[in-house]
Amino acid sequence: MTLDHAALAQHRPYLLRYALQQLRDEGQAEDVVQETLLAALQGNFSGQSSLRTWLTSILKHKIIDLIRRQSREAPLPGATDSDDDTLDDFDALFDRRGHWTSEDTPQAWQQPNAALESKQFWKVYEACAQLMPQRLALVFSMREVMDMDIDEICKSLSISATNCSVILYRARMSLRLCLDKNWFGNPEKVG
Amino acid sequence: MLACKQATQLASAALDRKLSVAEQIQLRLHLAMCSGCRNFSRQINLLRQISQRRAEHNDDA
Ligand SMILES: [Zn+2]
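Residues numbered from 1 in each chain as written. Chains lettered and ligands numbered in written order. Predicted model: local features only at pLDDT ≥ 70, side-chain atom pairs only at ≥ 80, totals over all residues. Heavy atoms only, no water.

S.K.: So what exactly am I meant to see when it comes to the overall build of chain A here?
M.R.: If you tally the helices and strands in chain A, you get 10 helices and zero strands. Along chain A, helices and strands appear, N-terminal first, in the series α-α-α-α-α-α-α-α-α-α. When the 191 residues of chain A are sorted by exposure, 46% land in the buried category. If you take every contact in chain A between residues at least 6 apart in sequence, the share linking residues at least 24 apart comes to 69%. Total accessible area on chain A stands at roughly 10,100 Å², and carbon and sulfur atoms take up 49% of it. (Helix = DSSP H or I, 4+ residues; strand = E, 2+ residues; numbered from the N terminus. Buried < 20%, exposed > 50% of the residue type's maximum accessible area, 1.4 Å probe, protein only. Contact = heavy atoms within 4.5 Å. Areas by Shrake-Rupley, 256 points an atom, 1.4 Å probe, with all protein chains shown as cover.)

S.K.: Honestly, the coordination of the zinc ion in this entry has me stumped. Any pointers?
M.R.: Working reference: metal with six octahedral donors, ideal angles 90 or 180 degrees; metal with four tetrahedral donors, ideal angle 109.5 degrees. Residue and element names in this part refer to chain B. Taken together, the protein ligands of the zinc ion are Cys 4 (SG), His 30 (NE2), Cys 34 (SG) and Cys 37 (SG), with distances of 2.0 to 2.4 Å. Of note is the zinc ion, whose four donor atoms meet at the metal with angles of 98 to 114° in an arrangement that counts as tetrahedral. Written as a sequence motif, the donor arrangement for the zinc ion is C-x25-H-x3-C-x2-C. Note that Cys 4 is positioned in helix H1 (residues 4-13) and Cys 34 in the loop between helix H2 (21-33) and helix H3 (35-56), a separation of 30 residues in sequence. The same class applies to Cys 4 and to Cys 34, which are both buried. (Donors = N, O, S within 2.8 Å, 3.2 Å for Na, K, Ca; no water. Tetrahedral: all angles 85-135°; square planar, octahedral: opposite > 155°, others 65-115°.)

S.K.: How should I be thinking about the state of the cysteines in this particular structure?
M.R.: What makes a disulfide is a covalent bond joining the sulfur atoms belonging to two cysteines. Residue and element names in this part refer to chain A. Summed over all chains, the structure comprises one disulfide over all chains. The side chain of Cys 128 participates in a disulfide bridge whose partner is Cys 178; the two sulfur atoms lie 2.0 Å from each other. Where Cys 128 bonds to Cys 178 through sulfur, the torsion about that S-S bond is close to -80°, and the disulfide is left-handed. One end of the pair, Cys 128, is in helix H7 (residues 119-131); the other, Cys 178, is in helix H10 (residues 161-184), and 50 residues separate them in sequence. Across this residue pair, the class does not change: Cys 128 and Cys 178 are buried. (Disulfide = S-S within 2.5 Å.)

S.K.: Could you clarify how one ought to interpret the domain arrangement of chain A in this entry?
M.R.: Interfaces are often sized by the accessible area lost when the parts come together. All names here are of chain A. Under the domain assignment, chain A is made up of domain 1 (5-73) and domain 2 (83-190). Measuring from the centre of the C-alpha atoms in domain 1 to the corresponding centre in domain 2 gives 26 Å. Contacts between the two partners involve 10 residues from domain 1, matched on the other side by 14 residues from domain 2. Here domain 1 meets domain 2 over a buried area of about 1,100 Å², counting both sides, of which 53% is carbon and sulfur. (Domains from an automatic or database assignment. Buried area = accessible area lost by both parts, 1.4 Å probe.)

S.K.: What am I meant to see in the interface of chain A and chain B here?
M.R.: Contacts between chain A and chain B engage 39 residues on the former and 30 residues on the latter. Of the roughly 3,300 Å² buried at the junction of chain A and chain B (both faces included), carbon and sulfur atoms supply 58%. Taken together, the connections running from chain A to chain B amount to six salt bridges. Two residues, Arg 48 of chain B and Glu 144 of chain A, come together in a salt bridge whose shortest N-O distance is 2.5 Å. Among the secondary structure elements, those contributing two or more residues to the side of chain A that touches chain B are helix H2 (12-23), helix H6 (112-116), H7, helix H8 (134-145) and H10 of chain A. Of all the elements, H10 of chain A adds the most residues to the side of chain A that touches chain B, at seven residues. For the side of chain A that touches chain B, the residue count by class is 22 nonpolar, six polar and 11 charged. (Salt bridge = Lys/Arg side-chain N within 4 Å of Asp/Glu carboxyl O. Nonpolar A, V, L, I, M, F, W, Y, C, P; charged D, E, K, R; others polar.)

S.K.: Explain the packing of aromatic side chains to me, please; I cannot follow it from the model alone.
M.R.: Any two aromatic rings considered together are summarised by their centre-to-centre distance and by the angle between their planes. Residues and elements named next belong to chain A. Counted under the stated rule, the structure contains nine aromatic pairs over all chains. Aromatic pair Phe 45 and Trp 54: ring centres 5.1 Å apart, planes at 45°, arrangement tilted. Each member of the pair, Phe 45 as well as Trp 54, carries the same accessibility label: buried. Judged by centre distance (4.6 Å) and plane angle (35°), the rings of Phe 94 and Trp 100 are tilted. Judged on exposure class, the residue Phe 94 and its partner Trp 100 are both buried. Counting every residue linked through ring pairs, the aromatic cluster contains Trp 109, Phe 121, Trp 122, Tyr 125, Trp 183 and Phe 184. Positioned above the aromatic ring of Tyr 14, the side-chain terminus of Arg 52 is 3.9 Å from the ring centre. (Phe/Tyr/Trp six-rings, centres within 6.5 Å; stacked < 30°, edge-to-face > 60°. Lys NZ or Arg CZ within 6 Å of the ring centre and 35° of its normal.)

Take a look at the structure:
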(Lines give C-alpha, C1' and ligand atoms only; values in the text may rest on other atoms or scores of the structure.)
Protein backbone atom coordinates (compact mmCIF):
# COMPACT_ATOMS: atom_id res chain seq x y z
CA MET A 1 0.00 0.00 0.00
CA THR A 2 1.47 3.38 -0.90
CA LEU A 3 1.11 6.20 1.54
CA ASP A 4 0.88 9.84 0.69
CA HIS A 5 2.08 12.77 2.72
CA ALA A 6 -1.42 13.95 3.48
CA ALA A 7 -2.46 10.66 5.07
CA LEU A 8 0.65 10.66 7.23
CA ALA A 9 0.43 14.33 8.15
CA GLN A 10 -2.94 13.68 9.78
CA HIS A 11 -1.24 11.56 12.41
CA ARG A 12 1.60 13.93 13.04
CA PRO A 13 0.07 15.79 16.03
CA TYR A 14 -0.76 12.48 17.71
CA LEU A 15 2.75 11.12 17.19
CA LEU A 16 4.26 14.34 18.44
CA ARG A 17 2.28 14.21 21.68
CA TYR A 18 3.23 10.57 22.12
CA ALA A 19 6.93 11.33 21.62
CA LEU A 20 6.83 14.35 23.86
CA GLN A 21 5.36 12.31 26.70
CA GLN A 22 8.27 9.90 26.49
CA LEU A 23 11.10 12.33 25.77
CA ARG A 24 10.08 15.62 27.42
CA ASP A 25 12.07 17.53 24.85
CA GLU A 26 10.31 19.23 21.96
CA GLY A 27 13.31 19.27 19.64
CA GLN A 28 13.94 15.57 20.12
CA ALA A 29 10.25 14.76 19.80
CA GLU A 30 10.11 16.66 16.48
CA ASP A 31 13.17 14.76 15.26
CA VAL A 32 11.89 11.27 16.05
CA VAL A 33 8.50 12.04 14.51
CA GLN A 34 10.21 13.33 11.38
CA GLU A 35 12.30 10.15 11.18
CA THR A 36 9.17 8.08 11.74
CA LEU A 37 7.26 9.73 8.90
CA LEU A 38 10.23 9.36 6.57
CA ALA A 39 10.57 5.69 7.48
CA ALA A 40 6.83 5.26 6.92
CA LEU A 41 7.07 6.73 3.41
CA GLN A 42 9.83 4.28 2.56
CA GLY A 43 8.33 1.40 4.44
CA ASN A 44 5.66 -1.08 3.66
CA PHE A 45 2.31 -0.59 5.31
CA SER A 46 0.46 -3.89 5.07
CA GLY A 47 -2.88 -2.48 6.14
CA GLN A 48 -3.31 -5.24 8.69
CA SER A 49 -3.28 -2.86 11.61
CA SER A 50 -4.53 0.70 11.62
CA LEU A 51 -2.17 3.28 10.17
CA ARG A 52 -1.86 4.91 13.56
CA THR A 53 -0.89 1.66 15.28
CA TRP A 54 1.69 0.99 12.62
CA LEU A 55 3.15 4.51 12.87
CA THR A 56 3.22 4.26 16.65
CA SER A 57 5.23 1.06 16.51
CA ILE A 58 7.80 2.71 14.22
CA LEU A 59 7.89 5.69 16.55
CA LYS A 60 8.52 3.47 19.60
CA HIS A 61 11.57 2.00 17.90
CA LYS A 62 12.85 5.45 16.98
CA ILE A 63 12.42 6.63 20.57
CA ILE A 64 14.22 3.59 21.93
CA ASP A 65 17.07 4.07 19.41
CA LEU A 66 17.41 7.67 20.47
CA ILE A 67 17.50 6.75 24.16
CA ARG A 68 20.16 4.12 23.43
CA ARG A 69 22.30 6.57 21.48
CA GLN A 70 21.99 9.19 24.19
CA SER A 71 22.83 6.92 27.06
CA ARG A 72 25.95 5.81 25.22
CA GLU A 73 27.04 9.39 24.75
CA ALA A 74 26.10 10.74 28.15
CA PRO A 75 24.71 9.17 31.29
CA LEU A 76 21.11 9.92 32.14
CA PRO A 77 20.54 13.20 33.91
CA GLY A 78 19.60 13.18 37.53
CA ALA A 79 20.65 10.59 40.01
CA THR A 80 23.80 8.54 40.03
CA ASP A 81 23.53 4.80 40.41
CA SER A 82 24.14 4.89 44.12
CA ASP A 83 21.23 7.29 44.66
CA ASP A 84 18.92 4.88 42.95
CA ASP A 85 19.76 2.15 45.37
CA THR A 86 18.11 3.86 48.27
CA LEU A 87 14.48 3.30 48.98
CA ASP A 88 14.52 5.82 51.78
CA ASP A 89 12.30 8.38 50.08
CA PHE A 90 9.28 6.36 50.97
CA ASP A 91 10.35 5.28 54.43
CA ALA A 92 7.99 7.77 56.00
CA LEU A 93 5.04 5.71 54.74
CA PHE A 94 6.09 2.76 56.88
CA ASP A 95 6.60 2.37 60.61
CA ARG A 96 9.74 1.02 62.21
CA ARG A 97 8.72 -2.59 61.58
CA GLY A 98 8.07 -1.86 57.90
CA HIS A 99 4.27 -1.82 58.12
CA TRP A 100 2.14 0.96 56.64
CA THR A 101 1.54 3.79 59.08
CA SER A 102 -2.17 4.11 59.77
CA GLU A 103 -2.59 7.32 57.79
CA ASP A 104 -0.64 6.05 54.78
CA THR A 105 -2.24 2.62 54.46
CA PRO A 106 -3.54 2.48 50.88
CA GLN A 107 -7.32 2.66 50.69
CA ALA A 108 -9.31 1.29 47.77
CA TRP A 109 -9.59 3.69 44.84
CA GLN A 110 -13.19 4.49 44.08
CA GLN A 111 -14.42 4.35 40.47
CA PRO A 112 -11.11 4.19 38.62
CA ASN A 113 -12.93 3.74 35.31
CA ALA A 114 -14.90 6.91 35.79
CA ALA A 115 -11.65 8.76 36.47
CA LEU A 116 -10.28 7.74 33.08
CA GLU A 117 -13.20 9.51 31.43
CA SER A 118 -12.60 12.72 33.32
CA LYS A 119 -10.54 15.51 31.73
CA GLN A 120 -9.70 16.80 35.17
CA PHE A 121 -8.23 13.43 36.11
CA TRP A 122 -5.83 13.52 33.16
CA LYS A 123 -4.65 16.97 34.21
CA VAL A 124 -3.85 15.58 37.64
CA TYR A 125 -2.14 12.57 36.05
CA GLU A 126 -0.04 14.82 33.83
CA ALA A 127 1.07 16.89 36.81
CA CYS A 128 1.94 13.75 38.78
CA ALA A 129 3.94 12.32 35.86
CA GLN A 130 5.85 15.60 35.53
CA LEU A 131 6.68 15.47 39.20
CA MET A 132 8.75 12.32 38.75
CA PRO A 133 12.44 12.94 38.13
CA GLN A 134 13.17 12.48 34.42
CA ARG A 135 15.18 9.32 34.98
CA LEU A 136 12.31 7.64 36.80
CA ALA A 137 9.77 8.82 34.27
CA LEU A 138 11.86 7.50 31.39
CA VAL A 139 12.37 4.01 32.83
CA PHE A 140 8.68 3.87 33.81
CA SER A 141 7.67 4.78 30.25
CA MET A 142 10.02 2.26 28.71
CA ARG A 143 8.57 -0.47 30.88
CA GLU A 144 4.89 0.40 31.06
CA VAL A 145 4.19 2.29 27.85
CA MET A 146 6.71 0.86 25.42
CA ASP A 147 6.48 -2.57 27.00
CA MET A 148 10.22 -3.26 27.00
CA ASP A 149 11.44 -5.99 29.30
CA ILE A 150 13.78 -5.27 32.17
CA ASP A 151 16.83 -6.71 30.41
CA GLU A 152 16.29 -4.54 27.35
CA ILE A 153 15.90 -1.45 29.52
CA CYS A 154 19.04 -2.23 31.53
CA LYS A 155 21.05 -2.78 28.38
CA SER A 156 19.81 0.36 26.69
CA LEU A 157 20.58 2.54 29.67
CA SER A 158 23.61 0.60 30.95
CA ILE A 159 22.20 0.12 34.42
CA SER A 160 21.99 -3.01 36.56
CA ALA A 161 18.83 -5.09 36.79
CA THR A 162 18.57 -4.34 40.49
CA ASN A 163 18.80 -0.67 39.80
CA CYS A 164 16.14 -0.93 37.16
CA SER A 165 13.76 -2.60 39.65
CA VAL A 166 14.44 0.04 42.26
CA ILE A 167 13.80 2.83 39.78
CA LEU A 168 10.51 1.23 38.72
CA TYR A 169 9.49 0.76 42.35
CA ARG A 170 10.17 4.40 43.11
CA ALA A 171 8.32 5.55 40.00
CA ARG A 172 5.27 3.49 40.95
CA MET A 173 5.38 4.63 44.57
CA SER A 174 5.65 8.23 43.53
CA LEU A 175 2.89 8.12 40.92
CA ARG A 176 0.54 6.12 43.14
CA LEU A 177 1.02 8.46 46.06
CA CYS A 178 0.52 11.56 43.94
CA LEU A 179 -2.71 10.25 42.36
CA ASP A 180 -3.92 9.13 45.76
CA LYS A 181 -3.29 12.52 47.36
CA ASN A 182 -4.63 14.57 44.49
CA TRP A 183 -7.44 12.47 43.11
CA PHE A 184 -8.54 9.16 44.50
CA GLY A 185 -8.06 9.97 48.16
CA ASN A 186 -9.63 13.37 47.75
CA PRO A 187 -13.41 13.00 48.16
CA GLU A 188 -14.19 16.31 46.47
CA LYS A 189 -12.69 15.23 43.16
CA VAL A 190 -14.12 11.74 42.93
CA GLY A 191 -17.48 11.11 41.34
CA MET B 1 5.82 -12.91 57.58
CA LEU B 2 6.90 -10.11 55.24
CA ALA B 3 6.64 -6.51 56.29
CA CYS B 4 4.56 -4.25 54.05
CA LYS B 5 7.65 -2.49 52.75
CA GLN B 6 9.05 -5.77 51.36
CA ALA B 7 5.61 -6.83 50.14
CA THR B 8 5.28 -3.63 48.10
CA GLN B 9 8.72 -4.28 46.57
CA LEU B 10 7.68 -7.78 45.58
CA ALA B 11 4.35 -6.57 44.21
CA SER B 12 6.25 -4.10 42.04
CA ALA B 13 8.81 -6.72 40.96
CA ALA B 14 5.96 -9.05 39.98
CA LEU B 15 5.04 -6.58 37.23
CA ASP B 16 8.53 -6.84 35.76
CA ARG B 17 9.76 -10.39 36.22
CA LYS B 18 8.58 -13.82 37.20
CA LEU B 19 8.85 -14.15 40.97
CA SER B 20 10.50 -17.24 42.46
CA VAL B 21 8.12 -19.75 44.02
CA ALA B 22 9.22 -18.68 47.49
CA GLU B 23 8.59 -15.03 46.64
CA GLN B 24 5.19 -15.83 45.21
CA ILE B 25 4.15 -17.68 48.34
CA GLN B 26 5.42 -14.94 50.64
CA LEU B 27 3.63 -12.27 48.65
CA ARG B 28 0.38 -14.22 48.42
CA LEU B 29 0.38 -14.90 52.16
CA HIS B 30 0.97 -11.26 52.89
CA LEU B 31 -1.72 -10.03 50.51
CA ALA B 32 -4.22 -12.45 52.01
CA MET B 33 -3.74 -10.78 55.38
CA CYS B 34 -3.13 -7.15 54.49
CA SER B 35 -5.72 -4.97 52.77
CA GLY B 36 -3.31 -2.03 52.47
CA CYS B 37 -0.92 -4.04 50.32
CA ARG B 38 -3.82 -5.56 48.38
CA ASN B 39 -4.94 -2.06 47.48
CA PHE B 40 -1.37 -1.08 46.68
CA SER B 41 -0.91 -4.03 44.38
CA ARG B 42 -4.17 -3.37 42.54
CA GLN B 43 -3.27 0.29 42.15
CA ILE B 44 0.18 -0.23 40.65
CA ASN B 45 -1.42 -2.65 38.18
CA LEU B 46 -3.87 0.08 37.33
CA LEU B 47 -0.99 2.54 36.80
CA ARG B 48 0.14 0.36 33.92
CA GLN B 49 -3.27 0.59 32.24
CA ILE B 50 -3.51 4.29 32.95
CA SER B 51 -0.08 5.11 31.52
CA GLN B 52 -0.74 3.08 28.36
CA ARG B 53 -4.07 4.73 27.89
CA ARG B 54 -2.57 8.17 28.32
CA ALA B 55 0.00 7.49 25.62
CA GLU B 56 -2.40 5.89 23.16
CA HIS B 57 -5.46 8.07 23.64
CA ASN B 58 -3.68 11.35 23.90
CA ASP B 59 -6.19 13.14 21.62
CA ASP B 60 -8.36 14.37 24.46
CA ALA B 61 -5.48 15.54 26.61
ZN1 LIG C 1 1.05 -5.12 53.94
